[in-house]
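# Chain and residue survey
Chain by chain, the residues:
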Amino acid sequence: MGTDRGRDVLVDALPAAVRHGLTFCRAIYHTGPLGEVVPVEGGLDAGLPDITVHPDLATLAPLPWEPGVAWCLGRTTDPSTGRPCPESPREVLHGVTERLAGLGLTAVVGPELEYFLCEPDPAAPSGWRPYAAAPGNVYVAGRRGDPDGHLLRTLRLLAGLGIGATMGNHEFSGGQFEINLTHSEAVDAADRAFRFKAAVKELARAEGRLATFMAKPFNSEGGSGFHLHVSCLDGDGHNVLADPGAPDGLSATARHAVGGVLRHAQALAALLNPTVNSYKRFGPDTLAPWLIDWGLDNRSAMVRIPPERAGSTRLEVRLGDAGANPYLAVAGLVAALALGVEEAVEPPAPLEGYGYDATKAPVLPGSLGAALDALEADTALCEALGKGFTSAFLAFKRAELERFSRHVTDWEFREYGYHL
């Protein structure tokens, strides 16, 4: 799901944890939001075996808001084989970056994430309402759209965490914010995005609030995106997407990268839009992608090429929503990019004008079920991500769909209860 799981380890016990690793039940990867364990192969059917997590001390970072506490990510292995655990999203991303390295390339990724800050409201159906919900405060600074100073306070604490948070802004909806992170190599970028989400949620909890990265938490407001800026470097550190002598300043590698992302977009939706709720963010005139297209500095396209060139040449993939697991979102994107470069996939002509005309480009999946079917059918992408991972992911997400199909929603009672 992309949620953080862990253990508190006393400092005196840390050396032993580094040497021997920490054990967790493997089914933690198969555990849903409400604690239900989904019957994924290798979990319940195998008697709930262990995985081993070795702390990665290169990721050790003190928590500015918890004196005396540091935070550390880990590498996950199957103790019976010594190999990476196939369900581990971080290990999936490591594998994909190794495939790209085989082409002599390194992906550099810059994450942008939006979220809603919410306050308790016993009268609301969800128990929460958007913080400072006055309309029209997009891109305002100061207390006008943020009366309690949430954004600056959060930015200062994140600066102490060292995850590359550089700036933030109030977004279109009341209580909605975006914080930008610097760009770096793909695994590090996903590490930082993962920590960013966990940190923002933890800081909100300390204030008695809820920070949610859910794709569309409120019917009356827009959705929250997870945009990924990606470029590729060769062994000498040169940006291979740039070619000043080519049309639009884009190299053949850049075109093929775009072609790969477009070719695998139907399947990528399952990873970058991974919930039932995700597909309520899509649609015409939403500023979220709806069609599989690309454009030059066009925010209505799924893949936007920002105007900077030379070393700053990059793709901005706008497909993802903020509920995506950063490791899986980046892994899917890098895998599609690598496949496009390997197969020299040429994209169609770039979008001209406003990009919500379904006669101009294919439509993205309209539901989680359709996206999961597309992922399963995309054998090349499944192979790049690892068949052990994709089979576990598909089983986990289809169990989620099954639970949703049996649940009676507030909408159904409001629509039918009085009249039928």
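Please refer to the structure placed before this passage.
Remember, it's a predicted structure, so these values are computed and weren't measured experimentally. The written sequence of each chain sets the order in which its residues are numbered from 1. A pLDDT threshold of at least 70 governs which residues receive local features in this predicted model, and a stricter bar of 80 or more applies before side-chain atom pairs are shown or counted, although totals over entire chains, interfaces and linings include all residues. Only heavy atoms go into the side-chain values, all of them from the structure, while hydrogens and water stay out.

Here a helix means four or more residues in a row that DSSP labels H or I, a strand means two or more in a row labelled E, and each is numbered from the N terminus. When you go through the protein residue by residue, the secondary structure sums to eleven helices and 15 strands. Note that the radius of gyration is over C-alpha atoms, with the globule rule given as 2.2 Å times the number of residues to the power 0.38. Against the compact-globule benchmark of 22 Å for 420 residues, the protein has a radius of gyration of 21 Å, which places it among compact chains. If you line up the protein on its principal axes, its C-alpha atoms span 60 × 60 × 50 Å. The buried label applies to any residue whose accessible area, calculated with a 1.4 Å probe on protein chains only, is under 20% of its type's maximum; exposed applies above 50%, and partly exposed to all values in between. Each of the 420 residues in the protein was classed as buried or not, and the buried ones make up 53%. We call two residues contacting when some pair of their heavy atoms lies within 4.5 Å. Sequence-distant contacts, at least 24 apart, represent 70% of the contacts inside the protein between residues at least 6 apart. Using the Shrake-Rupley algorithm and a 1.4 Å probe, accessible areas are obtained, with residue cover drawn only from the displayed protein chains. Here the protein displays about 19,100 Å² of accessible surface, and carbon together with sulfur accounts for 56% of that area.

This part is about helix 7 (residues 326–342). For helix 7, spanning 17 residues, the distance from its first C-alpha to its last is 24 Å, which sits close to the expected 24 Å at 1.5 Å a residue. Helix 7 sits mainly inside the fold: 16 of its 17 residues count as buried. Of the residues one or two after helix 7, Ala 344 is the one with positive phi, at around 50 degrees. To estimate how far a helix should reach, multiply one less than its number of residues by 1.5 Å.

Summarising the element assignment, Glu 91 is placed in helix 2 (residues 89–101). Residue class for Glu 91 comes out buried when judged on its relative accessible area of 9%. In contact with Glu 91, other than residues within four places in its own chain, are Arg 75, Thr 76, Pro 84 and Cys 85.

It is worth spelling out the pairing of strand 9 (residues 176–181) at this point. With six of six residues buried, strand 9 is to be regarded as a mostly interior element. Burial of the side chains of strand 9 extends over both faces: Gln 176, Glu 178 and Asn 180 are buried on one face and Phe 177, Ile 179 and Leu 181 on the other. Where strand 6 (residues 106–120) and strand 9 come together, five bridges link them in antiparallel fashion. The partner of Glu 112 across the bridge, within strand 9, is Asn 180. Judged from the five bridges that link them, strand 8 (residues 165–170) and strand 9 form a sheet pairing that is antiparallel. Across the sheet, Ala 165 pairs through a bridge with Leu 181, a residue of strand 9. Strands are treated as partners if at least two bridges between them are detected by DSSP.

Within a pair of aromatic rings, the relevant descriptors are the distance that separates the centres and the angle that separates the planes. Within 6.5 Å between ring centres, the rings of Phe, Tyr and Trp (the latter by its six-membered ring) count as paired, and their orientation is classed by plane angle as stacked under 30 degrees, edge-to-face over 60, tilted in between. Enumeration according to the criterion identifies eleven aromatic pairs in this entry. Arranged with centres 6.4 Å apart and planes meeting at 65 degrees, the rings of Tyr 115 and Phe 196 form a pair that is edge-to-face. With a gap of 81 residues between them, Tyr 115 in strand 6 and Phe 196 in helix 4 (residues 186–206) connect regions that are remote in the sequence. For Tyr 115, a relative accessible area of 0% puts it in the buried group. Ring-pair connections join several aromatic residues into one group, and the members of that group are Tyr 115, Tyr 131, Phe 177, Phe 196 and Phe 213. The criterion is that NZ of a Lys, or CZ of an Arg, lies within 6 Å of the ring centre and within 35 degrees of the ring normal, and then a charge sits over that ring. Over the ring of Phe 24 we find Arg 7, and its NZ or CZ is 4.8 Å from the ring centre. Directly above the ring of Trp 71 sits Arg 195, whose terminal nitrogen or CZ lies 5.0 Å from the centroid.

With that out of the way, let us pick up the packing of helix 6 (residues 265–272) against helix 7. Look at helix 6 against helix 7: their axes get within 8 Å of each other, and the N-to-C directions meet at 165 degrees. Looking at the two axes, helix 6 sits roughly antiparallel to helix 7. Of the two possible hands of crossing, helix 6 and helix 7 adopt the one that is right-handed. Residue-level contacts link Leu 268, Leu 271 and Leu 272 of helix 6 to Leu 328, Ala 329, Gly 332, Leu 333 and Ala 336 of helix 7. In this classification, the charged set is Asp, Glu, Lys and Arg, the nonpolar set is Ala, Val, Leu, Ile, Met, Phe, Trp, Tyr, Cys and Pro, and all remaining amino acids, among them Gly, are polar. Taken together, the residues that form the contact of helix 6 with helix 7 break down as seven nonpolar, one polar and no charged. Between N-to-C directions, angles span 0 to 180 degrees; the directions come from axes that are lines fitted to C-alpha atoms, helices contributing only their stretch in contact. Throughout, the term roughly parallel applies to angles under 35 degrees, roughly antiparallel to angles over 145, roughly perpendicular to angles from 65 to 115, and oblique to all others. The sense of a crossing depends on the near helix, which, turned anticlockwise from the far helix by less than a right angle, makes the crossing left-handed and, turned clockwise, makes it right-handed.

Another point: the pairing of strand 6. Among the 15 residues that make up strand 6, 13 are buried, leaving the element largely enclosed by the rest of the structure. Here eight bridges tie strand 6 to strand 12 (residues 226–233), and the two strands are oriented antiparallel to one another. Bridge pairing in strand 12 links Gly 110 to His 229. Bridge count between strand 6 and strand 7 (residues 128–130): three bridges; the pairing is antiparallel.

Let us look at unusual backbone geometry. The phi torsion at Ala 132 lies on the positive side, around 45 degrees, for a residue other than glycine. Here Ala 344, not a glycine, exhibits a phi torsion of approximately 50 degrees, which is positive. By secondary structure assignment, the location of Ala 344 is in the loop between helix 7 and helix 8 (368–377).

With that settled, the discussion passes to the sheet that holds strand 1 (residues 22–25). If you walk across this open sheet you meet the three strands as 1-2-5, and the pairing is antiparallel. Strands with a single pairing partner mark the edges of an open sheet, and in this sheet they are strand 1 and strand 5 (74–77). Across the sheet, the mean angle from the axis of one strand to that of its neighbour is 35 degrees, orientation sign disregarded. As paired elements, strand 1 and strand 2 (residues 50–55) share four bridges and run antiparallel to each other. Its bridge partner being in strand 2, Cys 25 is matched across the sheet by Asp 50.

This brings us to the packing of helix 4 against helix 7. Pairs of packed helices are described in terms of their axes, by the angle between the two and the distance that separates them. In the contact formed by helix 4 and helix 7, the axes pass within 8 Å of each other and the chain directions differ by 150 degrees. Regarding the angle of helix 4 to helix 7, the classification is roughly antiparallel. The handedness of the crossing between helix 4 and helix 7 comes out as right-handed. On helix 7, the residues touching Ala 186, Ala 190, Asp 191, Ala 193, Phe 194 and Lys 197 of helix 4 are Pro 326, Tyr 327, Val 330 and Val 334. Classifying every residue of the contact of helix 4 with helix 7 by side-chain character gives eight nonpolar, no polar and two charged.

In this section: the nonpolar core. Among the nonpolar cores identified, the biggest contains 98 residues, and Leu 158, Leu 161, Phe 196, Val 303, Leu 315 and Leu 385 are the most heavily contacted of them. Beyond its immediate stretch of four places on either side in the chain, Phe 196 contacts Leu 113, Tyr 115, Leu 158, Ile 163, Ile 179, Leu 181 and Phe 213. By size, the runner-up hydrophobic cluster in this structure holds six residues, among which are Ala 17, Leu 22, Phe 24 and Ile 51. Note on terminology: a nonpolar core comprises buried Ala, Val, Leu, Ile, Met, Phe, Trp, Tyr and Cys residues joined through side-chain atoms within 4.5 Å.

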